[in-house]
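# Observations on chain architecture
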Amino acid sequence: MAAKSSGQLPVAKAINESLRASLEADPKVLVMGEDVGKLGGVFRVTDGLQKDFGEDRVIDTPLAESGIVGTAIGLALRGYRPVVEIQFDGFVFPAYDQIVTQLAKMHARALGKVKMPVVIRIPYGGGIGAVEHHSESPEALFAHVAGLKCVSPSNANDAYWMMRQAIESDDPVIFFEPKRRYWDKGVVDTSAIPAPLHEAHVARPGTDLTLAAYGPMVKTCLEAAAAAEEEGRSLEVVDLRSMSPIDFDTVQRSVEKTGRLVVVHEAPVFYGSGAEIAARITERCFYHLESPVLRVGGFHAPYPPARLEEEYLPGLDRVLDAVDRSLAY
Amino acid sequence: MAAKSSGQLPVAKAINESLRASLEADPKVLVMGEDVGKLGGVFRVTDGLQKDFGEDRVIDTPLAESGIVGTAIGLALRGYRPVVEIQFDGFVFPAYDQIVTQLAKMHARALGKVKMPVVIRIPYGGGIGAVEHHSESPEALFAHVAGLKCVSPSNANDAYWMMRQAIESDDPVIFFEPKRRYWDKGVVDTSAIPAPLHEAHVARPGTDLTLAAYGPMVKTCLEAAAAAEEEGRSLEVVDLRSMSPIDFDTVQRSVEKTGRLVVVHEAPVFYGSGAEIAARITERCFYHLESPVLRVGGFHAPYPPARLEEEYLPGLDRVLDAVDRSLAY
Amino acid sequence: MTVESTAARGTSRSSSGKRTAAAKTAAKKAPAKKSASRAKRGSAPAQPELVQLLTPEGERVEHPDYAIDLKPEELRGLYRDMVLTRRFDSEATSLQRQGELGLWASLLGQEAAQIGSGRALRDDDYVFPTYREHGVAWCKGVDPANLLGMFRGVNNGGWDPNSNNFHLYTIVIGSQALHATGYAMGVTKDGADSAVVAYFGDGASSQGDVAEAFTFAAVYNAPVVFFCQNNQWAISEPTEKQSRVPIYQRAAGFGFPGVRVDGNDVLAVLAVTRAALEHARSGQGPMLVEAFTYRMGAHTTSDDPTRYRADDERVAWEAKDPILRLRTYLENEGLADEAFFAGLEKESEELGVSVREKIRTMPDPDTMAIFENVYADGHALIDEERAQFAEYLASFADADETAGTAGRGH
Amino acid sequence: MTVESTAARGTSRSSSGKRTAAAKTAAKKAPAKKSASRAKRGSAPAQPELVQLLTPEGERVEHPDYAIDLKPEELRGLYRDMVLTRRFDSEATSLQRQGELGLWASLLGQEAAQIGSGRALRDDDYVFPTYREHGVAWCKGVDPANLLGMFRGVNNGGWDPNSNNFHLYTIVIGSQALHATGYAMGVTKDGADSAVVAYFGDGASSQGDVAEAFTFAAVYNAPVVFFCQNNQWAISEPTEKQSRVPIYQRAAGFGFPGVRVDGNDVLAVLAVTRAALEHARSGQGPMLVEAFTYRMGAHTTSDDPTRYRADDERVAWEAKDPILRLRTYLENEGLADEAFFAGLEKESEELGVSVREKIRTMPDPDTMAIFENVYADGHALIDEERAQFAEYLASFADADETAGTAGRGH
Ligand SMILES: Cc1ncc(C[n+]2csc(CCOP(=O)(O)OP(=O)(O)O)c2C)c(N)n1
Ligand SMILES: Cc1ncc(C[n+]2csc(CCOP(=O)(O)OP(=O)(O)O)c2C)c(N)n1
Ligand SMILES: [Mg+2]
Ligand SMILES: [Mg+2]
């Protein structure tokens, strides 16, 4: 029923519809996590699912993240396709061992004999004025780990489709949901044929410099590009969508055109995804780059208390400052 | 007594002497972990310490890494300086939550009111023909986290001194011990004044290209440099010693001289420390670099079974191949 | 004895009703089987013992194992603590509604559990709280306004843990149980006879860290009291989602005693916590106290409990209010007069005013605080990033000066 | 009954001796205190009950809760399983010494615990082992040679878990307890009546994951048997470093039954595991079985137990050998004749030969296997790295061809 919906939806609701459609399409799909049942999750992303699919398929779990992921692995071994919710970014770490040593490696350990179709949903990133552990961007800590795939949608349509694709994937997918964009509306076309899950998307074409981002920072980059236009600069914005694998081809094509690249993410810059993108694109485009790849992101400091997050988070100005610096080379 | 020793020591024994000297110097220093007592650790790094300092200071713990690190945090809050052993790299993940959300952040959370002088020793890396989880190089997963410091010695003298400095540091230090080099002997001068803990060291001067490495790969790079010399190439080898912070100044100086950089580590290249070094050095030395920074490291795959590790691990040939490619630009 | 009146739920919750029915069916399925009889051996008595010294009706009752004899001023003191704590708490809730705080985690209904345990502590005892122990903080002398800093978003912990032996609030569920255990191991090493208390919730009892804390505490015989406030909810999940037996029973399997106390009875909580602390102090190791209480309000100000629990459950628990029952007792026994209650009302009012004032004048942190206290011994990258950011910020100041325009927002 | 003869340690280990002394002192310190009496309530009886059906001397005894009645051929079958398992195990140890394996984790002494529990299983039951369950693998029909792959270093798990319902060996201690629980939750969802067994060691009982598995299994009433082989050592650490009460008692605090069985008595292990499986199958949820046994050898071939334990402890346990006692029983009761034992000896020899042959001809994996099976649906970076590495390797082949020199070693 809901799968026919097509129109303006907030990102959170788009994910809800996607989960609903997945639960309908495949009886092996399960939703599990803390408070995902009656409450519908603290962000209401699973709202109404337990009511409609029952406690057997939408499962309130004990408060233990390692237990949630560990039992999800067991359920996957039994043929289920669990979609696990981690309540906030900062609470994924008790499950880190199960994710890194078991979930990521089981398929290889079994020489391909078993599959691990587990999706781990993590509402991530800052900008919502929350207390400690509720605003982090830990994607690099997962993308470095072979066996995992990591994606993050930036808009409602991608949220819907990428979640469906993640659930259909036979590999474990860490699905980073840009929580500060949960309420941003966008058109969701549930009848369209979606792009491949790990393909980047040129969200705005331009000629002078490439901005690469994913998740919450795509909007920031689009705003920066709009502001730059007023100053006569044409910025291309690439929405990476996937942090593992990274669609370097699309970025490369863009940089071969623009000659300059700024990577933007909320996560700390040090050892962040921007480093990997900078290193690889520099290798691929050494003779095209007119300036070094610059990175805009978090500082090497714990996510600050809410009253400082506006200063801490990369915003329009910090992006444009990097653009200025890049163009000044 | 042992602190006066000065002469050829294997790396493992150098660390043992360092722990012994630290236990002697400060009654607040504790050693704790699985099998560190009577057995002296599976690598005998803590050999004899319990016998000499008692069960109260050299503590065999229950088999629970989160518990080990979590209680070490509590002991630090009480004024102790615990040195924690994680038996093998692959077993640090159950403690990851305590390390990332508690140990790394406690000092900042308390606005500086409490300190976290905890050292976490991790024998890491491959090359010893071990089974799964015993050969990994997870340093990037710690270096990305603000609040932690990460170091790795490449030789016996550094092993001795860096451990002493790590224990004296008021910050949490993840101390990566190059397990395949445990048995490599070197002169340990216990009376010398050591270099600062986070300073890189030019292990071999050269003019044509810089090799940057740390821990087990320093030896490999030195061997590569020796082999290259025969071919008339002068490679400079920088022993980074510290992965957080990274002494970019020393690398920069070297690259400004050589114009080329290859970073070598065992850890997977994707999102690895080589990415951070490549990105930052490219930014700092954009006009000096005659070729892109190249990276030699592990593939984006789980550490393979032992019979494949020789192929998997970066060795002389893979380093020299990268050198060839860099010089070909 | 009216123990059951507190132990039994006021209204039968449908999910809990189901669980009982299911258990019965299972038992019926294989009634003659030996395994069924064995199952019983491992499982709990139907009506767990609940230590109570003051009934919901304000009547003093005795318990064979736990006695208490308090002077009138001590009783009034407990009452005052609870009233002021509640007042502070409700003030904070209002301040959140007024936008002064980003969030608040109310302790409403848990005053007896917190004041009773908090007042059992000596100064040298050390507390490891969750994020809801405002009443314990009060007992340890932490300035209430300091508790608000993290909820306002000006810091992640606004006090020096060592000045009141009250550790920072810990948000990652269960972590602090291990810190408490490690700290207690240190107390033993120091030859001190202090005790340590680790607070945690019913939900937290599922976390591996809490189980590991039990193991370490037992193995090292650490002087730590595990104090579980079972307020029956972990956000939207009832305790049945965490355990199928009462939580205090967890302890025996780790080799130390556990006891369940009426968490809305400040006298019983005080008596039981004192005994547990004495147990720890005297070298007998850890003990688990489960204070059976109820979260009267929402999980936090962000929560909407109407989505998952019936209001009549809360209403039923109102009859067991911890403050009300002590007041009834004080009044019935003539242990406090009108002047006391009136004076307390005034003090309450003043506390509210002072908290309001303090919060409204609480300054935002300096931007550059982002880079402070990340490391005790410094870190080259922090220095570099601090300098770059300062330069970046200064460029706006320059722009402001020269062009008179504001920055575009960071 | 000679239960004590197995339960009590043959020699008093100094550390365990100390612990008892310390406990006594503590108890003496505060003998009259109420808290001391409460402490007792929470702690274990001194001599935990140990289910035994066959004494170390080979005598059949009865147990009120666990009966067993096996035909002679079934008894001989159990004997055969244990003998062949031991033979395979000692063959693997030799192969390690000869350099054919990088490592071996011997099960010597734990044959009864593994065969007894393994033979209680139905085909549709699913096993989650540690790295030492060679005997259980045998019962589930896994080709013994396949078990050697990971120890030889040719793979990280050499069999399809679903072809024998025997999951891959898991090295990260305790992880598999959660996988087993999740799998069991799936069994329930499927409406099947299979059971799942999670094997783990005494050391593993300290891991948070095992406690979380207990919680999930209890809350969802999952049909999982937690089978703890308490072989009394976790590498160099005696069980006292993990728990101060017998491990089977852990279960009650999570709301399900626990039982301790003589792990060197194959009949008792079989009977108890059957009951536990039936308990799970019949909808009564999880159960914990602690098989009290002894690791006769080193932790692995890399270990040197002389560094941390007295040889006389091992010697004392030799008298409780699981194979010997069943042989005595078979011989005394005339249940097996010389021909049987001789035939088995021959079969044993053949097994050894076939394992030796298989291992020596086990091929090394192809280099490019590094890139295989990392993802089920592929990953662009893997494709890129595979291609680059192939090209790199090919460059040596070219060099070889043209210059006739070998590569410099990767
Ligand atoms: C590791 C972790 N997971 C999830 C959360 C989100 N969370 C915050 S409070 C809470 C419920 C805690 O329940 P309980 O332990 O009973 O304490 P209470 O809030 O009732 O005092 C949850 C799930 C968290 N803070 N930490
Ligand atoms: C998480 C983790 N930590 C440490 C280790 C190293 N290790 C391997 S076996 C072992 C002891 C296990 O003892 P136990 O659970 O009693 O099983 P046993 O070996 O006696 O069969 C240890 C510490 C590991 N494999 N995993
Ligand atoms: Mg609660
Ligand atoms: Mg063991």
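The structure presented is a predicted model; accordingly, all values stated were derived computationally and were not measured.

### Things to note about the sheet that holds strand 5 (residues 119-124) of chain B
Residues and elements named next belong to chain B. Strand order in the open sheet formed by 7 strands is 3-2-4-5-7-6-12, and the pairing between neighbours is mixed. Taken across any chain shown, the strands that pair with only one partner, and hence form the sheet edges, are strand 3 (58-60) and strand 12 (242-244). Going from strand to strand, the sheet's axes swing by 20 degrees on average, the running direction of each strand aside. Across 6 bridges, strand 5 lies against strand 7 (residues 173-178) in parallel orientation. Counted as the bridge partner of Val-119 is Val-173 from strand 7. This element, helix 1 (residues 11-25), spans strand 2 (29-33), strand 3, strand 4 (81-85), strand 5 and strand 7 of the sheet and lies at about 135 degrees to strand 2. Each of strand 2, strand 4, strand 5, strand 6 (149-151) and strand 7 touches helix 7 (residues 156-168); the most contacted strand, strand 7, lies at about 165 degrees to it.

### Thoughts on the site of ligand 2
Near ligand 2 lie 20 residues; those nearest to it are Glu-65 of chain B together with Tyr-131, Arg-132, Asp-202 and Trp-233 of chain D. Around ligand 2, the neighbouring residues derive from chains B and D rather than from a single chain. The side chain of Tyr-131 of chain D places a nitrogen or oxygen atom 2.7 Å from an oxygen atom of ligand 2. Taking Gly-203 of chain D, its main chain carries an N or O atom lying 2.8 Å from an oxygen atom of ligand 2. Considering ligand 2 on its own, with 580 Å² of exposed area, one finds that the protein chains cover 96% of that surface. The residue inventory of the shell around ligand 2, partitioned by class, reads 10 nonpolar, 6 polar and 4 charged.

### Regarding the relation of the copies chain A and chain B
Note on the identical chains: chain A maps onto chain B by a rotation of 180 degrees and an axial translation of 0.0 Å, with an RMSD of 0.0 Å. On the angle and the small slide along the axis, the relation comes out as a two-fold axis. Residue by residue, 100% of the interface of chain A is reproduced at the interface of chain B, so both copies engage with the same surface.

### What to know about the UniProt feature "domain: Dehydrogenase E1 component" (unreviewed entry) in chain C
Feature annotation in UniProt assigns "domain: Dehydrogenase E1 component" (unreviewed entry) to the following positions: residues 80-349 of chain C. Taken end to end, residues 80-349 of chain C is 45% helix and 11% strand, and its first and last C-alpha atoms sit 13 Å apart.

### Some remarks on the coordination of the magnesium ion (ligand 4)
The expected angle between donors at a tetrahedral four-coordinate metal is 109.5 degrees. At an octahedral six-coordinate metal it is 90 or 180 degrees. Residues and elements named next belong to chain D. For the magnesium ion (ligand 4), the protein coordination sphere consists of Asp-202 (OD), Asn-231 (OD1) and Trp-233 (O), at 2.0 to 2.1 Å. Spacing between the donor residues of the magnesium ion (ligand 4) along the chain follows D-x28-N-x1-W. With Asp-202 in the loop between strand 2 (196-201) and helix 10 (208-219) and Trp-233 in strand 4 (residues 233-234), this pair connects stretches of sequence that are 31 residues apart. The residues Asp-202 and Trp-233 share a single accessibility class, namely buried.

### Focus on the packing of aromatic side chains
Summed over the entire model, instances satisfying the criterion amount to 90 aromatic pairs over all chains. For the pair Tyr-160 of chain B and Trp-161 of chain B, a centre-to-centre distance of 5.1 Å together with 85 degrees between the ring planes defines the contact as edge-to-face. The same class applies to Tyr-160 of chain B as to Trp-161 of chain B, namely buried. Between Tyr-294 of chain C and Trp-317 of chain C the ring centres are 5.2 Å apart and the planes differ by 10 degrees, which places this aromatic pair in the stacked class. In this pair, Tyr-294 of chain C is assigned in the loop between strand 7 (287-292) and helix 12 (311-318) and Trp-317 of chain C in helix 12, connecting sequence segments 23 residues apart.

### Side note on the coordination of the magnesium ion (ligand 3)
Residue and element names in this part refer to chain C. The coordination sphere of the magnesium ion (ligand 3) contains the protein donors Asp-202 (OD), Asn-231 (OD1) and Trp-233 (O), at a distance range of 2.1 Å. Positions of the donor residues of the magnesium ion (ligand 3), expressed as sequence spacing, correspond to D-x28-N-x1-W. The burial state of Asn-231 is the same as that of Trp-233; both residues are buried.

### Focus: the UniProt feature "domain: Transketolase-like pyrimidine-binding" (unreviewed entry) in chain A
Taking the numbering used here, the UniProt-annotated feature "domain: Transketolase-like pyrimidine-binding" (unreviewed entry) corresponds to residues 9-184 of chain A. Counted over residues 9-184 of chain A, helix gives 35% and strand 17%. Its end C-alpha atoms are 8 Å apart.

### Some thoughts on the domain arrangement of chain A
Residues and elements named next belong to chain A. Each domain of chain A was delimited in the assignment, giving domain 1 (8-188) and domain 2 (201-328). Residue-level contacts link 28 residues of domain 1 with 23 residues of domain 2. For the pair domain 1 and domain 2, the number of links is 3 salt bridges. Among the salt bridges present, the one from Glu-266 reaches Arg-180, with a minimum N-O distance of 2.7 Å.

### Describing the pairing of strand 4 (residues 81-85) of chain A
Residues and elements named next belong to chain A. Of all 5 residues in strand 4, 5 are buried, a share of seventy percent or more. Where strand 2 (residues 29-33) and strand 4 come together, 5 bridges link them in parallel fashion. Following the sheet pairing, Leu-30 is matched in strand 4 by Pro-82.

### Section: the interface of chain A and chain B
If you look at the interface, chain A gives 52 residues, while chain B gives 52 residues. Across the chain A/chain B interface, buried area totals approximately 4,500 Å², and carbon plus sulfur atoms make up 64% of it. Sorting the residues of chain A by area buried against chain B places His-144, Phe-270 and Tyr-271 of chain A first, and these three jointly supply 19% of that buried surface. For the interface between chain A and chain B, the tally reads 6 salt bridges. Of the charged contacts, one joins Glu-136 of chain A and Lys-105 of chain B as a salt bridge, the two residues approaching to 2.4 Å between their closest N and O atoms. The interface formed by chain A and chain B holds 16 residue pairs in polar contact (both at pLDDT 80 or more) in total. Residue assignment for the side of chain A that touches chain B shows that the elements contributing at least two residues are helix 4 (96-103), helix 5 (106-109), helix 6 (140-143), strand 12 (242-244), strand 13 (261-268), helix 10 (273-284) and strand 14 (294-298) of chain A. With 8 residues, the top contributor of residues to the side of chain A that touches chain B is helix 10 of chain A. Split into classes, the residues belonging to the side of chain A that touches chain B amount to 30 nonpolar, 11 polar and 11 charged.

### A few points about the packing of helix 9 (residues 175-189) of chain C against helix 10 (residues 208-219) of chain C
Residue and element names in this part refer to chain C. Running from N to C, helix 9 and helix 10 cross one another at 15 degrees; their axes reach a closest spacing of 7 Å. Relative to helix 10, helix 9 is oriented roughly parallel. In terms of crossing hand, the pair formed by helix 9 and helix 10 is left-handed. Contact residues: Ser-175, Ala-177, Leu-178 and Thr-181 in helix 9; Asp-209, Val-210, Glu-212, Ala-213, Phe-216 and Ala-217 in helix 10.

### Some points on the confidence of the model for chain C
Residue and element names in this part refer to chain C. With 85% of its residues at a pLDDT of 70 or more, chain C shows a mean pLDDT of 88. Looking at the elements of chain C, mean pLDDT is at its lowest for helix 1 (residues 3-7), recorded as 31, and at its highest for strand 3 (residues 224-230), recorded as 99. In the model, residues 1-47 has pLDDT below 50 throughout and makes 70 contacts with residues more than four positions away in sequence or in other chains.

### Comments concerning helix 11 (residues 266-284) of chain D
For the α-helix, the turn length of 3.6 residues means that residues three or four positions removed from each other point alike. Counting buried residues in helix 11 of chain D gives 16 out of 19 residues, a clear majority hidden from the surface. Measuring from the backbone nitrogen of Leu-267 of chain D back to the side-chain oxygen at the start of helix 11 of chain D gives 2.9 Å, which picks out Asp-265 of chain D as the cap.

### Quick look at the site of ligand 1
Taken together, 20 residues surround ligand 1, and among them Glu-65 of chain A together with Tyr-131, Arg-132, Asp-202 and Trp-233 of chain C come closest. Near ligand 1, the surrounding residues belong to chains A and C. Ile-173 of chain C places a polar main-chain atom, nitrogen or oxygen, 3.2 Å from a nitrogen atom of ligand 1. In the environment of ligand 1, an oxygen atom lies 2.8 Å from a nitrogen or oxygen atom belonging to the backbone of Gly-203 of chain C. A total of 580 Å² of accessible area belongs to ligand 1 in isolation, and the protein chains cover 95% of it. Across the shell around ligand 1, the residue classes tally to 10 nonpolar, 6 polar and 4 charged.

### Quick notes on helix 9 of chain C
Residue and element names in this part refer to chain C. Over its 15 residues, helix 9 runs 22 Å from end to end, which matches the ideal 21 Å to within 8%, given 1.5 Å per residue. In terms of residue burial, helix 9 counts as a mostly covered element, since 13 of its 15 residues are buried. Looking one or two residues beyond helix 9, the residue adopting positive phi is Gly-191, at roughly 70 degrees.

### A closer look at the sheet that holds strand 14 of chain A
All names here are of chain A. With respect to topology, 5 strands assemble into an open sheet ordered 9-11-10-13-14, the strand pairing being mixed. A single partner strand is all that each edge strand has here, and the edge strands are strand 9 (201-204) and strand 14. Ignoring strand direction, the axes of neighbouring strands in this sheet form an average angle of 25 degrees. Bridging between strand 13 and strand 14 involves 4 bridges; their strand directions are parallel.

Definitions and cut-offs
Residues numbered from 1 in each chain as written. Chains lettered and ligands numbered in written order. Predicted model: local features only at pLDDT ≥ 70, side-chain atom pairs only at ≥ 80, totals over all residues. Heavy atoms only, no water. Pairing = 2+ DSSP bridges. Helix = DSSP H or I, 4+ residues; strand = E, 2+ residues; numbered from the N terminus. Axes fitted to C-alpha atoms, helices over the stretch in contact; angles between N-to-C directions. Contact = heavy atoms within 4.5 Å. Near = heavy atom within 4 Å. Polar contact = N/O pair within 3.5 Å; in protein donor to acceptor, adjacent residues only side chain to side chain. Areas by Shrake-Rupley, 256 points an atom, 1.4 Å probe, with all protein chains shown as cover. Nonpolar A, V, L, I, M, F, W, Y, C, P; charged D, E, K, R; others polar. Least-squares fit on C-alpha atoms with pLDDT ≥ 70 in both. UniProt positions renumbered as here; feature names shortened; annotations may be inferred. Donors = N, O, S within 2.8 Å, 3.2 Å for Na, K, Ca; no water. Buried < 20%, exposed > 50% of the residue type's maximum accessible area, 1.4 Å probe, protein only. Phe/Tyr/Trp six-rings, centres within 6.5 Å; stacked < 30°, edge-to-face > 60°. Domains from an automatic or database assignment. Salt bridge = Lys/Arg side-chain N within 4 Å of Asp/Glu carboxyl O. Buried area = accessible area lost by both parts, 1.4 Å probe. Parallel < 35°, antiparallel > 145°, perpendicular 65-115°, else oblique. Left-handed = near helix turned anticlockwise from the far one by under 90°. pLDDT = per-residue confidence, 0-100. Expected span 1.5 Å × (residues − 1).

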